[in-house]
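# Coordinates in review
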Amino acid sequence: MASGTTAPPPPGNLKRIVAASLIGTTIEWYDFFLYGSAAALVFNKLFFPDSDPLVGTLLSFLTYAVGFAARPLGALVFGHYGDRLGRKKLLVLSLLLMGGATFAIGLLPTHATVGAAAPVLLTVLRLVQGFALGGEWGGAVLLVSEHGDARRRGFWASWPQTGAPAGQLLATGVLSLLTALLSDGAFTTWGWRIPFLLSGVLVIVGLWIRLSVDESPVFKQALAQAEARKVAHAAAAEKLPLVSVLRHHWRDVLVAMGARMAENISYYVITAFILVYAPTSAGVSKQTALNAVLIASAVHFAVIPAWGALSDRVGRRPVYLLGAVGIGLWMFPFFSLVDTGGFGNLILAVTVGLVLHGAMYAPQAAFFSEMFATRMRYSGASIGAQFASVAAGAPAPLIATALLSDYGSSTPIALYVIAAAVLTVIAVGAAKETRHRDLADIESPTDAEPAAARAADARTV
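Just so it is clear, the model here is predicted, and its values are computed rather than measured.

Each value, and the rule that gives it
Residues numbered from 1 in each chain as written. Predicted model: local features only at pLDDT ≥ 70, side-chain atom pairs only at ≥ 80, totals over all residues. Heavy atoms only, no water. Helix = DSSP H or I, 4+ residues; strand = E, 2+ residues; numbered from the N terminus. Buried < 20%, exposed > 50% of the residue type's maximum accessible area, 1.4 Å probe, protein only. Contact = heavy atoms within 4.5 Å. Areas by Shrake-Rupley, 256 points an atom, 1.4 Å probe, with all protein chains shown as cover. Core = buried A, V, L, I, M, F, W, Y, C linked by side-chain atoms within 4.5 Å. Salt bridge = Lys/Arg side-chain N within 4 Å of Asp/Glu carboxyl O. Axes fitted to C-alpha atoms, helices over the stretch in contact; angles between N-to-C directions. Parallel < 35°, antiparallel > 145°, perpendicular 65-115°, else oblique. Left-handed = near helix turned anticlockwise from the far one by under 90°. Expected span 1.5 Å × (residues − 1). Bend = angle between axes of the 7 residues up to and from the residue. Phe/Tyr/Trp six-rings, centres within 6.5 Å; stacked < 30°, edge-to-face > 60°. Nonpolar A, V, L, I, M, F, W, Y, C, P; charged D, E, K, R; others polar. Patch = residues over 30% accessible without salt bridge, like charges linked within 9 Å, V, L, I, M, F, W, Y side chains within 5 Å. pLDDT = per-residue confidence, 0-100.

## Concerning the overall build of the protein chain
- The helix and strand tally for the protein chain stands at 19 helices and zero strands.
- In the protein chain, buried positions account for 56% of the 461 residues.
- Contacts in the protein chain between residues at least 24 apart in sequence constitute 86% of all its contacts with a sequence separation of at least 6.
- As presented, the protein chain carries roughly 17,600 Å² of accessible surface, and 70% of it is formed by carbon and sulfur atoms.

Encoded structure:
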């Protein structure tokens, strides 16, 4: 296996690339938490007023869920064209679609103005968001991974992952400020639109940064080799990236999906379901639970790059396995601490949970990038990540809520997360260590061909 010998870019250029990726993932999570909060606070009243209040809330959350359903389609489309046209072009498009749809939600007429067309328009925009988000993550982490210093790839590629806690902090901070400054009536009438319209500012900043960075040098090299191979083989058609992924990397796709199970499920249980569980079972106010999540999210933001740096020293698999085993072992203490109702114990429960989650989430960007060959990397990483999110993250709060309703206990929920952790341990344990792989190698890193044979093939292109 070739070692990571890709020359590091100038520090200033690499920082711009990291910023370009981070702004997109921050907008993604800003949108996620903002939409979820708005669905609970005002969308049921403004877009589904003819329904029973509970039904209206469920319908508003249904529009939230369709965003998850659109993510795999976005992963397929953006992955295909990202592997054909380049990472930068598709990241600019995803940012325009994602930020534009979020901004447009802030301008939507309500049910009182246009009737049934209002929830239809809301659903369409949510589908656009989900479609764009499905392609955002893969491109963002690849842009950093393929530019970055191979020796510190885990550290640099972990920075786009900090977009999750950053987006949560930003969205909750804006909403908290508005609810503090505005009356309930003013917030319901027009104040809720402000956070959505603010996404337009983020899009402008993000576009300015993304348009200023260069295309991935690894991708440009792979594209040139592919063009040379076409000429050498009488313009033989190159296989579609998706076909190549399913042919050469189907095991890696399954590993990526399995790796995401504990990471995705635990995150939504710790940050979203806790807002249901703590008030219901521990008598803690939702605001208190939210404050605990915010404090823990700040710690989460800080530890993700540290876990990424550790993965550069000891490997992706050991760090990822530490997080998966740790999150499984933490679930019963997690709920025991929450059940006490003490704010300090609540902060401890959520913070430790997110720190352990970070051990999976931080190396994930480099780990998934290193699994796939260059000309199918966008497709492979996106498919593995986004298809898993539909099976893991999307239903996690619903499954946890149903288990709590049926059994009246946290034990089945803890076992649910533990089962996901076991699945992740099996998947990551079956994977090969990827830390030393050279992303400039166009051939599949999982091929069993001898290194000499791969080198001979490379000389033929």
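Resuming the write-up.
## Some remarks on the nonpolar core
- Of all hydrophobic cores here, the largest spans 114 residues; its most connected members are Phe43, Phe47, Trp192, Phe334, Phe335, Val338 and Phe368.
- When residues in this core are grouped by element, the largest group, 16 residues, is from helix 12 (residues 250-281).

## Some details on the pattern of salt bridges
- Under the counting rule described, the total for this entry stands at eight salt bridges.
- Among the ionic pairs, Asp312 bridges to Arg316, the shortest N-O distance being 2.9 Å.
- Connected through shared salt-bridge partners, Asp83, Arg87, Glu146 and Arg377 make up one network.

## Some words on the packing of helix 12 against helix 15 (residues 343-371)
- Between helix 12 and helix 15, the shortest axis-to-axis distance is 10 Å and the interhelical angle comes to 155°. With respect to helix 15, the element helix 12 is oriented roughly antiparallel. The two elements helix 12 and helix 15 meet at a crossing, and its hand is left-handed. Between helix 12, through Asp252, Val255, Ala256, Ala259, Arg260, Ala262, Glu263, Ser266, Tyr267, Ile270, Thr271 and Ile274, and helix 15, the contact on the second element is made entirely by Leu346, Val350, Gly353, Leu354, His357, Met360, Tyr361, Gln364, Phe368 and Met371.

## Describing the side chain of Ser297
- In this fold, Ser297 is placed in helix 13 (residues 286-314).
- Look at Ser297 and you get buried, because its relative accessible area is 1%.
- Setting aside chain neighbours within four positions, we find Ser297 in contact with Pro165, Gln168, Leu169 and Leu354.

## Brief notes about helix 5 (residues 117-147)
- Here helix 5 is 31 residues long and its end C-alpha atoms lie 45 Å apart, about the 45 Å a rise of 1.5 Å per residue gives.
- Of all the bends in helix 5, the largest measures some 30° and sits at Glu136.

## Points about the packing of aromatic side chains
- Using the criterion set out here, one finds 14 aromatic pairs in the structure.
- Between Tyr267 and Tyr268 the ring centres are 5.7 Å apart and the planes differ by 80°, which places this aromatic pair in the edge-to-face class. Each member of the pair, Tyr267 as well as Tyr268, carries the same accessibility label: buried.
- Ring centres of Tyr320 and Phe367 lie 6.0 Å apart, and the angle between their planes is 55°; on these two criteria the pair is classed as tilted.

## Examining the packing of helix 12 against helix 14 (residues 316-339)
- At a minimum axis distance of 10 Å, the contact between helix 12 and helix 14 shows a crossing angle of 15°. Classified by the angle between their axes, helix 12 and helix 14 sit roughly parallel to one another. Helix-helix and strand crossings are classified by hand; for helix 12 and helix 14 the assignment is left-handed. Side by side, helix 12 and helix 14 meet where Ala259, Arg260, Ala262, Glu263, Ser266, Val269, Ile270, Phe273, Ile274, Tyr277 and Ala278 of the first sit next to Tyr320, Ile327, Met331, Phe334, Phe335, Val338 and Asp339 of the second.
- Its residues assigned to classes, the contact of helix 12 with helix 14 shows 14 nonpolar, one polar and three charged.

## Digging into a nonpolar patch on the surface
- A cluster of nonpolar side chains, namely Leu76, Leu242, Leu246 and Phe387, defines an oily patch on the protein surface of about 310 Å² accessible area.
- Tracing the sequence through the fold places Leu76 in helix 2 (residues 53-85).

## Details of the confidence of the model for the protein chain
- Per-chain confidence: the protein chain averages 83 in pLDDT, with 86% of residues scoring 70 or above.
- Below a pLDDT of 50 lies the segment residues 1-6, which in the model reaches 17 contacts outside its immediate sequence neighbourhood of four places, other chains included.

## A short note on the environment of Met261
- For Met261, the position within the fold is in helix 12.
- Classification of Met261 as buried rests on a relative accessible area of 13%.
- In the structure, Met261 is positioned 164 residues away from Val425 in sequence and 9.8 Å away in space, judged by C-alpha atoms.
- When residues no more than four places from it in sequence are discounted, the contact partners of Met261 are Ser266, Ala388, Ala391, Ala392, Ala420, Leu423 and Thr424.

## Some points on the side chain of Ser199
- Looking at the element boundaries, Ser199 is found in helix 9 (residues 193-210).
- Beyond its immediate stretch of four places on either side in the chain, Ser199 contacts Tyr30, Gly99, Thr102 and Phe103.

## Considering the environment of Asp214
- Within the secondary structure, Asp214 is located in the loop between helix 9 and helix 10 (217-232).
- Residues within four places of Asp214 in sequence aside, it is in contact with Asn13, Lys88, Leu143 and His147.

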